[in-house]
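Chain by chain, the residues:
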Amino acid sequence: MGKIIAIANQKGGVGKTTTAINLSSALGFAGAKVLVVDMDPQGNATSGLGVTLADNDVSIYEVLIGRADAKSTIRPTNVENLDIIPGNINLSAAEVELVTEMSRETKLKKVLRGVCDEYNFVMIDCPPSLGLLTVNSLTAADSVLIPLQCEYYAMEGLGQLLNTISLIKDSLNVDLQLEGILLTMFDPRNNLSKEVQKQVEEYLAESIFDTVIPRNVRLSEAPSFGQSIIEYDIKSKGAASYIELAKEMLARLP
Ligand SMILES: Nc1ncnc2c1ncn2[C@@H]1O[C@H](COP(=O)(O)OP(=O)(O)O)[C@@H](O)[C@H]1O
Ligand SMILES: [Mg+2]
């Protein structure tokens with residue numbers, strides 16, 4: 001049974017999608033079978049992995065509302081060992097439509113039960129909110145990975161996120177673990193980056209990944225070509241950092 005990891009932070013632009021795409025690709029490159037689930041209505045993980053949805057193609061939205069079977073929505077990507085259940089703007093309706101449903105928080109959990117056997121990892125790319133789509137993701141997950149951007153106000157909102165995680169642990173998902181906090185867009189020449197690192201280490205030392213993701217322009221270029229950093233520029237610092245993160249994660253497995 002594959003490990004399900006939600007990549008979550010209610011702040012936008014902190015590196016959730018970049019991590020979903022590139023950590024998954026690095027794990028695939030290392031030989032693990034990986035499924036990305038795009039739970040963000042912006043669909044950036046989908047397009048960033050070169051997958052386009054035609055009007056009548058089904059996505060995670062149709063699966064969540066019970067109109068399609070999860071297996072039928074799985075699409076291969078150009079990356080070795082990496083598949084995706086795509087998402088798009090239709091998902092924003094799910095946030096509303098699911099509200100009146102029975103067991104609305106456990107929809108994704110049930111969906112993934114049928115597919116996660118075939119993978120070593122399932123990576124859920126969460127939207128930038130703590131709404132029903134993120135709650136579904138955290139309820140379905142074994143663990144949560146929190147990207148934290150090394151910028152002003154990095155820690156802002158972290159308390160609220162950790163609080164949400166602990167509420168979900170108390171009610172919907174007692175086994176939910178913290179996979180780790182990942183420092184992203186780190187710039188060693190910028191004192192602020194080092195300041196953020198120091199602050200997080202002070203409060204949450206045991207939860208931080210050893211691997212730090214540097215700010216690297218190649219990482220921001222790759223999605224516009226529908227490619228992961230492994231395909232786009234495997235020699236870049238960005239690729240090296242996500243390969244290192246994949247190794248760190250694999251080394252932790254029991
Ligand atoms: N390590 C990095 N170096 C440079 N740019 C990055 C890095 N990580 C993310 N970005 C860029 O920052 C923006 C926000 O990242 P993204 O992964 O989409 O965040 P989120 O999914 O949390 O909203 C994107 O334009 C992305 O290409
Ligand atoms: Mg995103």
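The structure under discussion appears in the preceding block.
This structure is a prediction, so every number in the text was calculated from the model and none was measured.

*Asks:* Teacher, can you tell me more about the sheet that holds strand β3 (residues 75–76) here?
*Replies:* To summarise the sheet geometry, strands pair through backbone hydrogen bonds and adopt either a parallel or an antiparallel arrangement. An order of β3-β4-β2-β5-β1-β6-β7 is seen for the seven strands of this open sheet, with the pairing classed as mixed. Of all strands in the sheet, those with a lone pairing partner are β3 and β7 (177–184), marking the two edges. Here strand β1 (residues 3–7) runs beside strand β6 (residues 143–149); their pairing, made up of three bridges, is parallel. Bridge assignment links Ile 5 to a residue of β6, and that residue is Ser 143. Running over the sheet, helix α12 (residues 237–252) touches β1, β5 (121–125), β6 and β7 and is turned about 160° from β7.

*Asks:* Which parts of the structure should I look at to understand the site of ligand 1?
*Replies:* Residues in contact with ligand 1 amount to 14 residues; listed here are only the nearest, Gly 13, Thr 17, Thr 18, Pro 214 and Asn 216. The contact in question runs from an oxygen atom of ligand 1 to an N or O atom on the backbone of Val 14, over 3.1 Å. Between an oxygen atom of ligand 1 and a side-chain N or O atom of Thr 17, the distance comes to 2.9 Å. In the complex, 78% of the free accessible area of ligand 1, which totals 550 Å², lies under the protein chains. Looking at the shell around ligand 1, the elements with two or more residues in it are α1 (16–29) and α10 (217–221). Of all the elements, α1 adds the most residues to the shell around ligand 1, at three residues. In terms of residue class, the shell around ligand 1 is built from five nonpolar, seven polar and two charged.

*Asks:* Is there a simple way to explain the packing of helix α7 (residues 132–140) against helix α8 (residues 158–171) in this structure?
*Replies:* Helix-helix packing is characterised by the crossing angle of the two axes and by the distance between the axes. Closest axis-to-axis distance for the α7/α8 pair is 10 Å, and the angle between their directions is 55°. In terms of orientation, α7 and α8 fall into the oblique class. Considering the relative orientation of α7 and α8, their crossing is right-handed. Taken together, the residues of α8 that come into contact with α7 (itself represented by Val 135, Leu 138 and Thr 139) are Thr 164, Ile 165 and Ile 168. Across the contact of α7 with α8, the residue classes tally to four nonpolar, two polar and no charged.

*Asks:* Sorry, what's going on with the state of the cysteines here?
*Replies:* Disulfide: a covalent bond connecting the sulfur atoms of a pair of cysteines. Under the counting rule described, the total for this entry stands at zero disulfides. Free cysteine: Cys 126, not disulfide-bonded; nearest cysteine sulfur from Cys 116 at 16 Å.

*Asks:* Would you explain unusual backbone geometry in this entry?
*Replies:* Notably, Asn 81 is not glycine yet its phi reads approximately 65°, a positive angle. Position of Asn 81 relative to the elements: it lies in the loop between β3 and β4 (82–85). By relative accessible area, Asn 81 is classed as partly exposed at 26%.

*Asks:* Would you take a moment to explain the nonpolar core for this structure?
*Replies:* Soluble, globular proteins show a tendency: their nonpolar side chains are buried together. With 48 residues, the main nonpolar core has Val 37, Ile 60, Leu 108, Leu 112 and Ile 124 as its most contacted residues. The biggest single contributor to this core is α7, with five residues. Excluding its chain neighbours within four sequence positions, the residues that come into contact with Leu 108 are Val 37, Met 39, Ile 60, Leu 64, Ile 124, Asn 136, Ser 137 and Ala 140. In this structure, Leu 27, Ala 32, Ile 230 and Met 249 belong to the second largest nonpolar core, which totals 32 residues.

*Asks:* I'm lost on the packing of aromatic side chains in this one. Help?
*Replies:* For any pair of aromatic rings, the description rests on two quantities: the centre-to-centre distance and the angle between the ring planes. Per the stated rule, a full pass over the model turns up one aromatic pair. Look at Phe 225 and Tyr 232: their rings are 5.2 Å apart centre to centre, the planes differ by 20°, and that puts the pair in the stacked class. Assessed through its relative accessible area of 54%, Phe 225 is described here as exposed.

*Asks:* Help me out: how do you make sense of the environment of Thr 184 in this one?
*Replies:* Along the chain, the position of Thr 184 falls in strand β7. For the pair Thr 184 and Leu 148, spaced 36 residues apart in sequence, the C-alpha to C-alpha distance is 5.8 Å. The contact partners of Thr 184, leaving out residues within four places of it in the chain, are Val 14, Thr 19, Pro 147, Leu 148, Gln 149, Cys 150 and Ile 213.

Rules behind the numbers
- Residues numbered from 1 in each chain as written.
- Chains lettered and ligands numbered in written order.
- Predicted model: local features only at pLDDT ≥ 70, side-chain atom pairs only at ≥ 80, totals over all residues.
- Heavy atoms only, no water.
- Pairing = 2+ DSSP bridges.
- Helix = DSSP H or I, 4+ residues; strand = E, 2+ residues; numbered from the N terminus.
- Contact = heavy atoms within 4.5 Å.
- Axes fitted to C-alpha atoms, helices over the stretch in contact; angles between N-to-C directions.
- Near = heavy atom within 4 Å.
- Polar contact = N/O pair within 3.5 Å; in protein donor to acceptor, adjacent residues only side chain to side chain.
- Areas by Shrake-Rupley, 256 points an atom, 1.4 Å probe, with all protein chains shown as cover.
- Nonpolar A, V, L, I, M, F, W, Y, C, P; charged D, E, K, R; others polar.
- Parallel < 35°, antiparallel > 145°, perpendicular 65-115°, else oblique.
- Left-handed = near helix turned anticlockwise from the far one by under 90°.
- Disulfide = S-S within 2.5 Å.
- Buried < 20%, exposed > 50% of the residue type's maximum accessible area, 1.4 Å probe, protein only.
- Core = buried A, V, L, I, M, F, W, Y, C linked by side-chain atoms within 4.5 Å.
- Phe/Tyr/Trp six-rings, centres within 6.5 Å; stacked < 30°, edge-to-face > 60°.

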